[in-house]
Amino acid sequence: MIGLDRNTVNSVDDIQKKRKIKKILLTVLLTAVWYSSAFIKALLTKYILNRFGYPLTLVMNKFLAISIYLVPILYLSKLKFNCFSKYYIFRFVLPISVLLVISTSLGYVALWKVTVSYQQIIRATQPIFTVVLIRILFHTVYRVRVYLSLIPIVVGVSIATFNESSFNLVGMLCGVAATSMIR
């Protein structure tokens, strides 16, 4: 390098390595926080459903709370509310929102009927639904190895659910339906 001595080059390399390590550590930390919060949410939801027993009321309260808390957050973020056309809202946002509410409702009914661990096993089938739905909706052709990579998921879920003591048909069907939708 012209005009740079060896110490400058080494310090630049050291800074880049430190930045890369910080990014990796931040990614690991955020992933751990994400999974921990999802696990805690599932346990708390199961606890509430065992005590309360009305999954659809819980879903309505969840979305009501999100709506209430979202208004001040959007206001503070200074996001313009009129940035989307009515066409965009009715064509894209509304259908996705409806599917999200249905999926969440089915997921809560499933969690009400089966254990948290069994629901997580059912949710492990999501890659299968993703591949199948993208194949159907967008006519995407995958390589054979993509389909072969789904075999361990099918085998693993089959083994895990073979003798499930908390099996409930309604819970399983609601869990599968919720997993096949937007989550």
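Please read all numbers here as calculations on a predicted model, not as lab measurements.

A. Structural detail: the overall build of the chain. A count of helical and extended segments in the chain gives 8 helices and 0 strands. Counting helices and strands in the order they occur from the N terminus, the chain gives α-α-α-α-α-α-α-α. Computed over its C-alpha atoms, the radius of gyration of the chain comes to 23 Å, more than 25% above the 16 Å expected for a compact globule of 183 residues. Principal axes of the C-alpha set define a box for the chain whose edges measure 70 × 45 × 40 Å. Of all 183 residues assigned to the chain, the portion counted as buried reaches 18%. Put simply, of all contacts in the chain between residues at least 6 apart along the chain, 82% involve residues at least 24 apart.

B. Spatial organisation of a positive patch on the surface. A cluster of basic side chains, namely K18, R19, K22 and K23, defines a positive patch on the protein surface. Along the chain, the position of R19 falls in helix 1 (residues 6–52).

C. Structural detail: the side chain of T45. Here T45 shows up in helix 1. Residue class for T45 comes out buried when judged on its relative accessible area of 7%. Contacts of T45, omitting those with residues within four sequence positions, involve L58, Y108 and L111.

D. View of the packing of helix 5 (residues 126–138) against helix 8 (residues 169–180). Helix 8 packs onto helix 5 with a crossing angle of 50° between their chain directions and a minimal axis gap of 9 Å. As far as their axial angle goes, helix 8 and helix 5 are oblique. With respect to the hand of their crossing, helix 5 and helix 8 are arranged in right-handed fashion. Where helix 5 abuts helix 8, its residues Q126, F129 and L133 lie against V176, T179 and S180. The class makeup of the residues in the contact of helix 5 with helix 8 is 3 nonpolar, 3 polar and no charged.

E. Inspection of the nonpolar core at higher detail. By size, the foremost hydrophobic cluster in this structure holds 7 residues: A42, L49, L58, V59, Y108, L111 and V116. For this core, the secondary structure elements donating two or more residues are helix 1, helix 2 (55–77) and helix 3 (86–113). Those residues within four positions of A42 in sequence are excluded, and the remaining contacts are L111, V116 and Q120.

Parameters and conventions
- Residues numbered from 1 in each chain as written.
- Predicted model: local features only at pLDDT ≥ 70, side-chain atom pairs only at ≥ 80, totals over all residues.
- Heavy atoms only, no water.
- Helix = DSSP H or I, 4+ residues; strand = E, 2+ residues; numbered from the N terminus.
- Rg over C-alpha atoms; globule rule 2.2 N^0.38 Å.
- Buried < 20%, exposed > 50% of the residue type's maximum accessible area, 1.4 Å probe, protein only.
- Contact = heavy atoms within 4.5 Å.
- Patch = residues over 30% accessible without salt bridge, like charges linked within 9 Å, V, L, I, M, F, W, Y side chains within 5 Å.
- Areas by Shrake-Rupley, 256 points an atom, 1.4 Å probe, with all protein chains shown as cover.
- Salt bridge = Lys/Arg side-chain N within 4 Å of Asp/Glu carboxyl O.
- Lys, Arg positive; Asp, Glu negative; His and termini not counted.
- Charge placed at Lys NZ, Arg CZ, Asp CG, Glu CD.
- Axes fitted to C-alpha atoms, helices over the stretch in contact; angles between N-to-C directions.
- Parallel < 35°, antiparallel > 145°, perpendicular 65-115°, else oblique.
- Left-handed = near helix turned anticlockwise from the far one by under 90°.
- Nonpolar A, V, L, I, M, F, W, Y, C, P; charged D, E, K, R; others polar.
- Core = buried A, V, L, I, M, F, W, Y, C linked by side-chain atoms within 4.5 Å.

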